[in-house]
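# Observations on the three-dimensional arrangement
Below, each chain spelled out in residue letters.
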Amino acid sequence: MSTEGPISDEVYWQEQWNKSGVFETEISGDKPPFYCLEMYPYPSGKMHMGHVRNYSIGDAVARYKRMSGFEVLYPMGYDSFGMPAENAAIKEGGHPHDITEKNMNSITQQIKRMGFSYDWRRMIKSHDPKYYKWNQYFFTKFFENGLAVQKFAPVNWCESCSTVLANEQVKAGRCWRCNGPVKQKDMSQWFLNITDYTQELLDGLEQIDFPNNVKLLQQDWLGRSEGCEIKFEIENFEQDIEVFTTRPDTLFGVTFVTLAPEHPLAEMLVKDTEFESAWRDLFEETSIMSEFDRIKNLGAKKGVPTGKFVIHPLTKEKIPIWIGNFVIASYGTGAVMAVPGHDERDFEFAKRYDIPVKRVLVTKEDQEPSSELKKAETELGWMVNSPVAGFDGLYGEDAKSAISDKLHEIGMGKKIVQWKIRPWLISRQRYWGTPIPIIHCKDCGPVAVPEEQLPVELPRDVEFTGKGNPLETSESFLNVDCPKCGKPARRETDTMDTFVDSSWYFLRYTDAMNHDICFDKDVANHWMNVDFYCGGIEHAQMHLIYARFWTKALRDLGLHDIDEPFQSLLCQGMVNKAAPWCEPCGVTLPVEHIDKNCPHCDSPLSLRSAKMSKSLGNTVSPEDMVDNFGADTVRLFILFAANPTAGMDWSDKALQANYKVMQQMEKIPDNILGWGNEETEMDSWLLARLKQRVIDWKDAMDEYDLRRAVELSHYELPKDINWYVRRGGNNSSVGSKVLKSWSFMIALATPHLAEDWWKQIGESGLLASQVMDEVSDLNEQEKAILDSEELLKSFLENARKVKSIAERHLEGSAQQAKIVVSPDWKRDLAKMALSHIISGGNPKQFIGLLANSELVNDENKGQVMGFWSKRMLPQVFKWDDDTREIILSKLSEFKVFMDRTEFISNELGLVRVEVIMAESPEDDTGKAGAAMPLSPAIVYS
RNA sequence: ACGGGGGUGGCUGAGUUGGUCAAAGGCGCCGGGCUUAAGAUCCGGUCCGUAAUGGUUCGUGGGUUCGAAUCCCAUCCCCCGUACCA
């Protein structure tokens, strides 16, 4: 690829924007606020294409809203706590703070080079004590109100990161960050009770405009299920077993009860019995086994009996208690009532251990109650075989309620709602995060650090060895006096999950320069919630749930009045690039295998698009692209290559093509301003066309259809200019009017070029500070001129086709053409049919109307009716709305062609063009039958 | 397994409240103008057929309709989530 670098002096314009402060936002009072935000990035040293895409989308929206008269809050900052910096310190030496600052400076330079319109004064960074002080402040408030609690519990432990993880951070039994195996470990940890907000988090999804898949993911993760908690008394034992079930209607089908191996009762029941060693083996196997291995062995259901029994609450039957590896200790009560007849897992388990299977539901109302169960029938059904009267024949929800009510009545159960989501585990045993502001005192227990002592800063005197929590090596940090009793105490060494930082940063941005409080309530209320939030789908359940929770929790502390942080969310698609692909093996290989055979099976490799990744080597460096083509070209390509939400393929060729577009556009102001000052009919066409383009462009932007908007500004308008010139337009004062509006339009994707244009057309100041004029709707005259030209274009397209066919039959090339315009009765027929259909008439009924209309008489009946069903009926629906409007309008087809015969003969390379009314005395062509409204017959000679 | 999203012309990829769809845009390819030439740029073409406005096509097979890429049923394939949630 050879280029001559950026088209505009991009750095110059960036300096101008910066100097003038055009992107610095304050509450103005007279402009409506708009909050545009992109997801808080982790500051790796290099910006990648995913960032570029994300911010190109956000910047286009921010610029659009600004030029549309909004006061736009558009900030940027860094989610700068987290393990990569700490790991780098362990590996390469140095301190996470210095590494982070260095990376941040480097990525900031790269982001700034793209020309995004951020208010950089508001920049915030998680690792700044002035920021994380507020994490600590909120935490102490949560500690006071019971939202933050310390619990000794089995937690997910990642050995290679040497820290615990939240449930959401465990993907397929592996760590979301390092992909290492995750084990269960019992530890004392800090949790936030996100579970207090489950119902509100679920209901809130209906108030916000999130993509459907994100809503579904959050719903699944919250995992609401309605059911019944049932108490089973254990025979000759002082405790009960409580189970949770969503299917109380199958209660009579219970043939055993199963406990999780970790259930506290399990050990108690088998202690000192013949079953103890078998339980112990199962316990070791499941609880020590990493969750990853558990998943691999999924389906291998194993269990041990306990030799003990429960009493069925309704039938008083004795039911054996088992311990099974498929029961999860942390969901529900860690115990299940097993109904093999109507649950697949229980069926499998029962078959394996030869436990009886009972039918208590039939899936067809008239089915024989004694029919055999060949597999678990899990769908809802009618109750049968109930040993207690009053239940048989009940179906579905009625059946469930009947059992629940009965249990409630006798005090053996109640309806409850169970959630899948657990409290958010926020403790991390790592250095590079917000210290949890708690002091452990022997006498007073855990005590919150008083507000005036915040922030608890991270100490510098620590060593990064990769073993243990570095904070434990800092004596200055550890030793502290208890704030309550003043005796020597010890500081908490856990730090907070970095998702805490990103759970409220958007609130901080609203008042980022205020160092007295976290944010002013009125200011936050003014800007919030975020109107347009853009980022990757990967945060669908973690960040986007935590931030919603945190917003509600702060609201309940009285800090603001907002329920939901993000009003509308756009998840941008991935940036992909082709990589070698082996069809037989089904694997994507690194780019060094291009043009080689598969290293596994030796078959030839094809290419397939894959997410850009270092391991495949199919990455593209934004820096190089910006150096070679300029930020504008890269942004244009990224916005034009695909819709914001669709995946896009990086293509060097397409980038080149966009560079060509930029080269053309660079010359446009010079060309246009070089026009003469002739006035032609085309002037009003061009102005009407511009208006139409602006209207369409605004519509597209209002729906965040950036691809369409860019298509209009960078592809359609240049074509319009060409058409204008071709049709004889040559008026620079019209041209400069066009350029003025057009400059705004191109500023979304190519803001630097837009400033060049603005300057060239002699406007003063920066385009970035201007608000665009309002546009009115198209008036009748404007519509008519647009229609006439559209008619001409479509005519020419057809005429060219016909010409090449005709010339095969003529001797030599065509010299003349007769345009045979369709007769009035066809247009009248079309009008009549269109009005019938537009007013909601059934097309089938039209033929009856037609037969009785003035259009039809005895003589022409056959012709008109035949024409209707053969030609007009299919055509009526093919006309688009614009064309329909033209047909229904007064526009004279005959006149449109008459006025343009000279242009038509030039375009078609003819000596003479005649326009004739079909079925008139002048028509000697015999081709009138082919003429349709707006589509004349054309006869060459 | 369950949940979600897809299968469109040489490639890529829009398009699903049924008629604006032989189907946008981009890339590629072909022809023409301009040029000594190349490049750039502009104009035109790019399923088949025809002095005509017709045929066939949107994974496969059926159906509804005056009319289906778009709706319904069946079926095959691909991608992404989740992971025994009682």
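This section reports on the structure supplied with the text. Fair warning: this is a prediction, and the values are worked out from it, not measured in the lab.

### Focus: the overall build of chain A
- Regarding its fold elements, chain A presents 30 helices and 32 strands.
- C-alpha atoms of chain A, sized along the principal axes, occupy 115 × 80 × 65 Å.
- Counting over 941 residues, chain A shows a buried share of 53%.
- Across chain A, contacts joining residues at least 24 apart in sequence account for 74% of those joining residues at least 6 apart.
- Split by element, the accessible area of chain A, about 42,100 Å² in all, is 48% carbon and sulfur.
- Positive and negative side-chain charges in chain A, numbering 106 and 141 respectively, have mean positions lying 3 Å apart.

### Focus: the packing of helix α21 (residues 706–726) against helix α22 (residues 732–746)
- Running from amino to carboxyl end, α21 crosses α22 at an angle of 160 degrees, the nearest separation of the two axes being 10 Å. Taken together, the axes of α21 and α22 are roughly antiparallel relative to one another. Where α21 crosses over α22, the two elements pack in a sense that is left-handed. Each of Ser713, His714, Leu717, Pro718 and Ile721 in α21 lies in contact with α22, whose residues at this interface are Val738, Trp742, Met745 and Ile746.
- Here the residues of the contact of α21 with α22 sort into 7 nonpolar, 2 polar and no charged.

### Some details on the state of the cysteines
- Applying the stated criterion across every chain yields a total of 0 disulfides.
- The thiol of Cys444 is not disulfide-bonded; the next cysteine sulfur, from Cys485, is found 3.7 Å away.

### Considerations on the environment of Thr493
- Relative to the helices and strands, Thr493 resides in the loop between β22 (488–491) and β23 (495–496).
- Residue Thr493 is classed as buried on the basis of its relative accessible area of 7%.
- Considering only alpha carbons, one finds Thr493 and Gly253, 240 residues apart in sequence, at a separation of 51 Å.
- For Thr493, the side chain forms a polar contact with the side chain of Glu472, separated by 3.5 Å.

### Structural notes on the packing of aromatic side chains
- Scanning the entire structure with this criterion turns up 50 aromatic pairs.
- Look at Phe139 and Trp190: their rings are 5.4 Å apart centre to centre, the planes differ by 75 degrees, and that puts the pair in the edge-to-face class. Of this pair, Phe139 sits in helix α5 (residues 129–145) while Trp190 sits in strand β7 (residues 182–192), placing them 51 residues apart in sequence.
- Between Trp723 and Phe903, the ring centres sit 5.8 Å apart and the planes meet at 85 degrees, which makes this aromatic pair edge-to-face.

### Thoughts on the sheet that holds strand β31 (residues 912–917)
- Read across the open sheet, the 3 strands follow the order β31-β30-β32; overall the sheet is mixed. Two strands in the sheet have a free side with no partner beyond their single neighbour: β31 and β32 (937–940). Ignoring which end each strand starts from, the neighbouring axes of this sheet average 20 degrees apart.
- In this structure, strand β30 (residues 816–821) lies alongside β32, joined through 4 bridges in antiparallel fashion. Counted as the bridge partner of Ile819 is Ile938 from β32.

### Here's the deal with unusual backbone geometry
- Of the consecutive residues Leu454 and Pro455, the connecting peptide bond is found in the cis state with omega at 0 degrees.
- A cis amide bond, omega 0 degrees, links Met528 with the succeeding residue Asn529.
- Not every positive phi belongs to a glycine, and Asn385 is a case in point at roughly 60 degrees.
- When you line up the elements, Asn385 lands in the loop between β15 (382–383) and α12 (396–409).
- Residue class for Asn385 comes out partly exposed when judged on its relative accessible area of 40%.
- Phi angles above zero are rare outside glycine, and Tyr704 is one such case at about 55 degrees.

### Description of helix α30 (residues 901–908)
- Every buried residue of α30 is accounted for by Phe903, Ile904, Ser905 and Leu908.
- Considering only its buried residues, α30 is in contact with α21, α24 (780–809), β30, α29 (893–898), β31 and β32.
- Gly909 lies just past α30 and shows a positive phi near 65 degrees.

### A closer look at the pairing of β7
- The sheet contact formed by strand β3 (residues 148–158) and β7 spans 11 bridges and is antiparallel. Bridged to Pro154 within β7 is Asp186.
- As paired elements, β7 and strand β17 (residues 424–425) share 2 bridges and run antiparallel to each other. Across the sheet, residue Phe191 finds its bridge partner in β17, namely Leu425.

### Things to note about the packing of helix α25 (residues 824–838) against helix α28 (residues 881–888)
- Contact pair α25 / α28: the axes reach a minimum separation of 9 Å and the direction vectors enclose 125 degrees. The orientation of α25 relative to α28 falls into the category oblique. Along this stretch, α25 crosses α28, giving a crossing that reads as left-handed. Here α25 contributes Arg827, Ala830, Lys831, Leu834, Ser835 and Ile838 to the contact with α28, which in turn contributes Arg884, Ile886, Ile887 and Leu888.
- Class assignment of the residues belonging to the contact of α25 with α28 gives a composition of 6 nonpolar, 1 polar and 3 charged.

### Description of the environment of Phe519
- Along the chain, Phe519 turns up in the loop between α14 (505–510) and α15 (521–527).
- The residues touching Phe519, leaving out its near neighbours within four places in the chain, are Phe138, Trp504, Leu507, Arg508, Thr510, Asp511, Ala524, Leu554, Leu559 and His560.

### Notes on the nonpolar core
- Core analysis: the biggest nonpolar cluster contains 129 residues, and Trp697 and Trp742 have the highest contact counts within it.
- If we skip the residues at most four places from it in the chain, Trp697 touches Tyr64, Met67, Ala709, Leu712, Ser713, Phe744, Met745, Leu748 and Met772.
- Among the nonpolar cores identified, the runner-up in size contains 86 residues, and Leu458, Cys482, Tyr533 and Cys571 belong to it.

### Examining α24
- End to end, α24 covers 43 Å across 30 residues, agreeing with the expected 44 Å (1.5 Å per residue, within 8%).
- Measuring from the backbone nitrogen of Gln781 back to the side-chain oxygen at the start of α24 gives 3.1 Å, which picks out Asn779 as the cap.

### Regarding the side chain of Gln429
- In this structure, Gln429 sits in the loop between β18 (427–428) and β19 (438–441).
- By relative accessible area, which is 8% here, Gln429 ends up buried.
- Not counting residues within four places of it along the chain, the set of residues in contact with Gln429 comprises Trp157, Ser162, Thr163, Val164, Met187, Gln189, Asn469 and Asp494.

### Observations regarding the pattern of salt bridges
- Under the criterion given, the structure shown has 49 salt bridges.
- Here Asp249 ties to Arg247 by a salt bridge, and the two come within 3.0 Å at their closest N and O atoms.
- Note that Glu790 is salt-bridged to Arg689, the shortest N-O span being 3.6 Å. Here Arg689 lies in helix α20 (residues 681–702) and Glu790 lies in helix α24, a separation of 101 residues in the sequence.
- Exposure remark for Arg689: the relative accessible area of 8% places this residue in the buried category.

Scoring rules and cut-offs
- Residues numbered from 1 in each chain as written.
- Chains lettered and ligands numbered in written order.
- Predicted model: local features only at pLDDT ≥ 70, side-chain atom pairs only at ≥ 80, totals over all residues.
- Heavy atoms only, no water.
- Helix = DSSP H or I, 4+ residues; strand = E, 2+ residues; numbered from the N terminus.
- Buried < 20%, exposed > 50% of the residue type's maximum accessible area, 1.4 Å probe, protein only.
- Contact = heavy atoms within 4.5 Å.
- Areas by Shrake-Rupley, 256 points an atom, 1.4 Å probe, with all protein chains shown as cover.
- Lys, Arg positive; Asp, Glu negative; His and termini not counted.
- Charge placed at Lys NZ, Arg CZ, Asp CG, Glu CD.
- Axes fitted to C-alpha atoms, helices over the stretch in contact; angles between N-to-C directions.
- Parallel < 35°, antiparallel > 145°, perpendicular 65-115°, else oblique.
- Left-handed = near helix turned anticlockwise from the far one by under 90°.
- Nonpolar A, V, L, I, M, F, W, Y, C, P; charged D, E, K, R; others polar.
- Disulfide = S-S within 2.5 Å.
- Polar contact = N/O pair within 3.5 Å; in protein donor to acceptor, adjacent residues only side chain to side chain.
- Phe/Tyr/Trp six-rings, centres within 6.5 Å; stacked < 30°, edge-to-face > 60°.
- Pairing = 2+ DSSP bridges.
- Core = buried A, V, L, I, M, F, W, Y, C linked by side-chain atoms within 4.5 Å.
- Expected span 1.5 Å × (residues − 1).
- Salt bridge = Lys/Arg side-chain N within 4 Å of Asp/Glu carboxyl O.

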